[in-house]
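# Observations on the model geometry
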Amino acid sequence: MSDELSNITIERKHNHVELCLHDDVCFDRKTSGFEQFEFRHNALPEIRFSDIDLSTAFLGHRIGAPLMISSMTGGFDEAVTLNRRFAEAAEHFRIPLGIGSMRQALENSSQRESFSVVRKYAPSVPVFANIGAPEVAKGLSAADIHTLLELIGADALIVHLNAAQEMFQPEGDTDFRHVLDELVRLTASLPVPVIVKEVGCGISGECARKLLDTGVRVIDVAGAGGISWQKVEECRYLRRTGRENRFSPEALGELLNWGIPTTRCIIEVAGLRKLPAYEHASIIASGGIGSGMDIAKALALGANIAASAGRLLKALHEKRLEETIENWLNDLRAVMFLTGTVSPEQLKKKHLIYKHRPIL
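Residues numbered from 1 in each chain as written. Predicted model: local features only at pLDDT ≥ 70, side-chain atom pairs only at ≥ 80, totals over all residues. Heavy atoms only, no water.

To describe a pair of aromatic rings, you give the distance between the ring centres and the angle between the ring planes. Summed over the entire model, instances satisfying the criterion amount to 4 aromatic pairs. When the centroid spacing of 5.2 Å and the interplanar angle of 55° are considered together, the rings of Phe 37 and Tyr 354 count as tilted. Pair noted here: Phe 37 is in strand β1 (residues 37-39) and Tyr 354 is in strand β12 (residues 352-354), with a separation of 317 residues, a long-range link. For the residue pair Phe 37 and Tyr 354, the accessibility class agrees, reading buried in each case. (Phe/Tyr/Trp six-rings, centres within 6.5 Å; stacked < 30°, edge-to-face > 60°. Helix = DSSP H or I, 4+ residues; strand = E, 2+ residues; numbered from the N terminus. Buried < 20%, exposed > 50% of the residue type's maximum accessible area, 1.4 Å probe, protein only.)

A few words on the packing of helix α2 (residues 79-93) against helix α14 (residues 310-317). Running from N to C, α2 and α14 cross one another at 105°; their axes reach a closest spacing of 11 Å. Classified by the interaxial angle, the pair formed by α2 and α14 is roughly perpendicular. Contact residues: α2 offers Leu 82, Arg 85 and Phe 86, while α14 offers Leu 312, Leu 313 and Leu 316. Looking at the contact of α2 with α14, its residues break down into 5 nonpolar, no polar and 1 charged. (Axes fitted to C-alpha atoms, helices over the stretch in contact; angles between N-to-C directions. Parallel < 35°, antiparallel > 145°, perpendicular 65-115°, else oblique. Contact = heavy atoms within 4.5 Å. Nonpolar A, V, L, I, M, F, W, Y, C, P; charged D, E, K, R; others polar.)

Following both chains from N to C, one finds helix α10 (residues 229-241) and helix α11 (residues 249-256) inclined at 130°, their axes separated by 8 Å at the closest point. If you check the angle between α10 and α11, you find them oblique. Together, Gln 230, Lys 231 and Glu 234 of α10 and Leu 252, Leu 255 and Leu 256 of α11 make up the contact between the two elements. Split into classes, the residues belonging to the contact of α10 with α11 amount to 3 nonpolar, 1 polar and 2 charged.

Moving on: the pairing of strand β6 (residues 127-132). Counting buried positions along β6 yields 6 of 6 residues, so the element is predominantly enclosed. With burial as the criterion, each face of β6 is covered, one bearing Val 127, Ala 129 and Ile 131 and the other bearing Phe 128, Asn 130 and Gly 132. For strand β5 (residues 97-98) and β6, the ladder comprises 2 bridges, and the chain directions are parallel. The residue of β6 that forms the bridge with Gly 98 is Phe 128. (Pairing = 2+ DSSP bridges.)

Okay, the environment of Lys 349 next. Among the secondary structure elements, Lys 349 is positioned in the loop between α16 (344-347) and β12. Sequence separation of Lys 349 and Val 221 is 128 residues, and the distance between their C-alpha atoms is 20 Å.

The subject of this paragraph is the environment of Leu 301. Looking at where Leu 301 falls in the secondary structure, it is placed in helix α13 (residues 292-301). Taking relative accessible area as the criterion, Leu 301 reaches 9% and is therefore assigned buried. Put simply, Leu 301 and Gly 215 are 86 residues apart on the chain and 23 Å apart in space, counted from C-alpha to C-alpha.

Our focus in this paragraph is the nonpolar core. Residues Val 159, Leu 183 and Ile 325 are the most contacted members of the largest nonpolar core, which totals 95 residues. Residues contacting Leu 183, with those up to four places away along its chain left out, are Val 136, Val 159, Val 194, Val 196, Leu 211, Thr 214 and Val 216. Ranked by size, the runner-up nonpolar core spans 12 residues in total, among them Phe 58, Ile 63, Met 68 and Val 218. (Core = buried A, V, L, I, M, F, W, Y, C linked by side-chain atoms within 4.5 Å.)

This paragraph deals with helix α8 (residues 179-189). When α8 is considered as a whole, its buried residues turn out to be Val 179, Glu 182, Leu 183, Leu 186 and Thr 187. Along α8, the residues classed as buried sweep out an arc of 135° about the axis, all on the same side. Away from the buried face of α8 by more than 90 degrees, exposed residues Asp 181 and Ala 188 are located. Where the residues of α8 are buried, they touch α5 (133-138), α6 (142-152), β7 (156-161), β8 (194-198) and α9 (205-213). (Arc of directions from axis to C-beta.)

Topologically, Ser 71 is positioned in the loop between β4 (67-69) and α2. Within the structure, Ser 71 has its side chain in polar contact with the side chain of Asn 130 (distance 3.4 Å). (Polar contact = N/O pair within 3.5 Å; in protein donor to acceptor, adjacent residues only side chain to side chain.)

Moving on to the pattern of salt bridges. Summed over all chains, the structure comprises 20 salt bridges. A salt bridge links Arg 84 to Glu 88; the shortest N-O distance between them is 2.9 Å. Of this pair, Arg 84 and Glu 88 are both found in helix α2, 4 residues apart, which corresponds to roughly one turn of the helix. Overall, the relative accessible area of 26% leaves Arg 84 in the partly exposed class. Taking the relative accessible area as the measure of exposure, Glu 88 reaches 25% and is therefore partly exposed. Residues Asp 175 and Arg 177 are paired through a salt bridge, measuring 2.8 Å at the closest nitrogen-oxygen approach. A relative accessible area of 55% means that Arg 177 is categorised as exposed. Through salt bridges with shared partners, one network takes in Arg 12, Glu 171, Glu 233, Arg 236 and Arg 240. (Salt bridge = Lys/Arg side-chain N within 4 Å of Asp/Glu carboxyl O.)

What follows is the structure, given as structure tokens:
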């Protein structure tokens, strides 16, 4: 990779973090959908609050709570500090940690510490490597795969789908041909599970079925309702050009808010489990997760765990990362107590009330 291209990539990674922290880049025409649901109160919980246990199993690991710090960053100098702090929090709460796209680690060895730092500070929790679908589509070599996994001692590999982001990104790669074929090869050759995630536009039941048929073990729905990466890249494009000259004003607002709400994604993907071929599929709920109430609702809708990126990045920036996670876990405990459940597995069996229709 040339120095010029490397510098562009480093600048882009830095821009992504700054824009997520300081600009209005969230969906504004749709929500994740969690506000449409509520739990039925149990006036006789018949449990002790102190008996509530948030620990659960995920991909063969026992984790402290059904929450994951989702993939965010890496590949530039400041990311070393950010990923160290996320790793420390993951280790403290015994929850999984996803790493930001590691393409930069394959192209520029000088940036590898921004990724490898996580295993140093999160030695005992599941850590997931991450690479984009365009890189997978082109074919990853055995050496590439070894680098991705060994650099962080990865327990799984995340492949992220970001077609809308790449389309808006000034230097985006919009060649998504052969992704499914390459996933078949990848899942057959890897010693760890493969997770496929969107980055904020959501994965439908139809797409999830195609992905699971390749051997993918986990679907991270990453639905609409949180950060819009189209908006992030639109901000970068406007800084570069001064005006939007690619899309019509009439379509732009809808494109910037393109995506399937998180709750709809969870319901569709969880519905696949009714078929024997998909009954063991795992689901990560992300996209607009902003409280332990959202985590609880995600579990009741069918997710195995929930994940958050943007909200936790802001919490870290405000020096409230551990406090925020603790608050969310207390929210979750409160829901469990008021529904009479002592474990996430029991909570997953609770039905939600759709506020505008009968019980699901």
